[in-house]
Structure formats: C-alpha cells, structure tokens
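Summary of the model geometry
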Amino acid sequence: MGNDADGLVHTAQNNAKVNKLVLYAPQWLRNAASLTDAGGKLGAYRNVSMESAKVRWLTGVPEDKKATLIPPGWFEAWAAATQQSDPLGATLKPPVLRAPNGTVQDSRDYWSAQKPLYDPGDIRVPTFLAHAEWDADLPSYMMHAYYARLTHAPDKGFIEIPEGTHTVIMEKNRMQLFESVQAFLDK
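Residues numbered from 1 in each chain as written. Predicted model: local features only at pLDDT ≥ 70, side-chain atom pairs only at ≥ 80, totals over all residues. Heavy atoms only, no water.

**Points about helix 4 (residues 74–84)**
Side chains of residues three or four places apart in an α-helix project in the same direction, reflecting 3.6 residues per turn. Cut-off, in case you're wondering: For every residue, the accessible area obtained with a 1.4 Å probe (protein chains only) is divided by the maximum for its type, and the residue is called buried under 20%, exposed over 50%, and partly exposed between those limits. Put simply, DSSP H or I for four residues or longer makes a helix, DSSP E for two residues or longer makes a strand, and each gets a number counted from the N terminus. By arc we mean the arc of the directions from the helix axis to the C-beta atoms, nothing more. We call two residues in contact whenever any of their non-hydrogen atoms come within 4.5 Å of each other.
Within helix 4 the residues assigned to the buried category are F75, A79, T82 and Q83. One side of helix 4 holds all its buried residues, which, seen down the axis, span an arc of 95 degrees. Where helix 4 is buried, its residues touch helix 2 (50–57), helix 5 (87–91) and strand 3 (96–100).

This is the structure in structure tokens:
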C-alpha cells in the first residue's frame, strides 16, 4: 500500500490524532478498471510518454473545452519538471515518465476487487471531499459512494469543481478547489 490509503487507514484507526481531514478525489470501490491499468503483468513502473499523459489528462473533457482547460504553458512546465525528476526516464527515446505501478496493483487487489482497505464509517473527524467534474481517473460515483459512508464524521461536506479533471490543481478552476478547502479548514 503506497498511496493515500495509508493516511486514511491511519485516520480511521487514530481519530484522536487528526483535527480535520481533506480528501482530494478519494479512491474508493471501482465498477471498472482504472485508466492506468492496461491489463497484463505489472512491472515496477509503466512508461508514459508526455503525449499520452496529456491525452489521459484530457480524457472526458468535451472537445470545445480542451484548449482552455490548462493555462498556457502549464502542461509543458509540468512535463519538463516531471522529466527532470526522473533522470532515467528522461534519457529514453522518446523520453517518458516512469510511473510506479503500486497504485495500479492496489486498485486491482482492493478497489476493483471490491475489498476496501478500511471503512470510511470509522472516520470520526470533520471531513471534506473535493472532486472535479471531468475526473476520469476517479469518477464522481466514487466520491458520492465514499461520502455516503462517512456516517460518523461530525461534520462533512464536498465540492465538485466544474470543468476540471483529476489534475484540477493545475487547471483554470484550481482556485475554487483551494478556496473551498481553505474555507473548510478555517471553519
């Protein structure tokens, strides 16, 4: 387990140590394979070209919205920074992002197999969920199902950012995410 589930298991088991919990695009039980799961045997990494990363980023975005979703130059800046963080992937021809497959394996073993790693009902702290309308990586049904299971959170809320993807933090509507999270934390 090497993803956000670690912290959520900790929260569910140690509520007294957590004041408030904010979850961005929470992973939950899937009714279809993850976009990152091409099937077959998994190695430690999958090689992702920058072109295919952008195609995946824009999955589910209406054609007439794709050109204005990401501020000019941001994808290129992200791609350059990402490639610099992986000297080996950057030397391949063409350069690739080597993405760890641990989350894909977790998805196969737990989330797609309908075996949750913890019960959101065990979370007993104020909790806020944030999600974006066009998030094809972790679709809206996951957030809504997760929210329904937060039965013991003394205060809970969520926002679905319009016109955003799983990477809304780098998109035109990112301030809606930041402002809503800050408002929850300030409450």
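**Quick notes on the packing of helix 2 against helix 4**
Working note: a packed helix pair is described by the angle between its axes plus the distance between those axes. Put simply, the rule is: The angle between two axes is taken between their N-to-C directions and runs from 0 to 180 degrees, where each axis is a line fitted to C-alpha atoms and a helix contributes only its stretch in contact. When describing relative orientation, an angle under 35 degrees is termed roughly parallel and one over 145 degrees roughly antiparallel, while 65 to 115 degrees is termed roughly perpendicular and anything else oblique. Whether a crossing is left-handed or right-handed is set by the direction in which the near helix is turned from the far one by less than a right angle, anticlockwise for left-handed and clockwise for right-handed. Amino acid classes used here: Ala, Val, Leu, Ile, Met, Phe, Trp, Tyr, Cys and Pro are nonpolar; Asp, Glu, Lys and Arg are charged; the rest, including Gly, are polar.
It is the contact of helix 2 with helix 4, at a shortest axis distance of 11 Å, that shows an interaxial angle of 130 degrees. Relative to helix 4, helix 2 is oriented oblique. Here the hand of the crossing between helix 2 and helix 4 comes out right-handed. The residues of helix 4 that touch helix 2, namely those facing M50, A53, K54 and W57, are F75, E76, W78, A79, T82 and Q83. Classifying every residue of the contact of helix 2 with helix 4 by side-chain character gives 6 nonpolar, 2 polar and 2 charged.

**Examining the packing of aromatic side chains**
Keep this limit in mind: Any two of the Phe, Tyr and Trp rings considered here, Trp counted by its six-membered ring, make a pair once their centres fall within 6.5 Å; the pair's planes then place it as stacked at under 30 degrees, edge-to-face at over 60, or tilted in between.
Applying the stated criterion across every chain yields a total of 10 aromatic pairs. Aromatic pair W28 and W111: ring centres 5.8 Å apart, planes at 45 degrees, arrangement tilted. Of this pair, W28 sits in the loop between strand 1 (21–24) and strand 2 (45–49) while W111 sits in helix 6 (residues 102–111); the two residues are 83 residues apart in sequence, bridging distant segments of the chain. For the residue pair W28 and W111, the accessibility class agrees, reading buried in each case. With a centroid separation of 5.6 Å and 55 degrees between ring planes, the pair formed by W57 and F75 is classed as tilted. Of this pair, W57 sits in helix 2 while F75 sits in helix 4, and the two are 18 residues apart along the sequence. Across the pair, F75 and W57 agree in class, each one buried. Grouping aromatic residues by their ring pairs yields a cluster made of W28, W111, Y118 and Y146.

**Concerning the sheet that holds strand 1**
For clarity, the cut-off: A pair of strands is labelled paired if DSSP reports no fewer than 2 bridges between them.
Strand order in the open sheet formed by 3 strands is 1-4-5, and the pairing between neighbours is parallel. Whereas interior strands pair on both sides, the edge strands pair on one side only; in this sheet they are strand 1 and strand 5 (156–161). Strand-to-strand, the axes of this sheet are offset by a mean angle of 15 degrees, without reference to chain direction. Note that strand 1 and strand 4 (residues 127–132) share 4 bridges and pair parallel. Across the sheet, the residue bridging to Y24 is A130, located in strand 4.

From the geometry alone we can't say anything about function, so treat these as descriptive.
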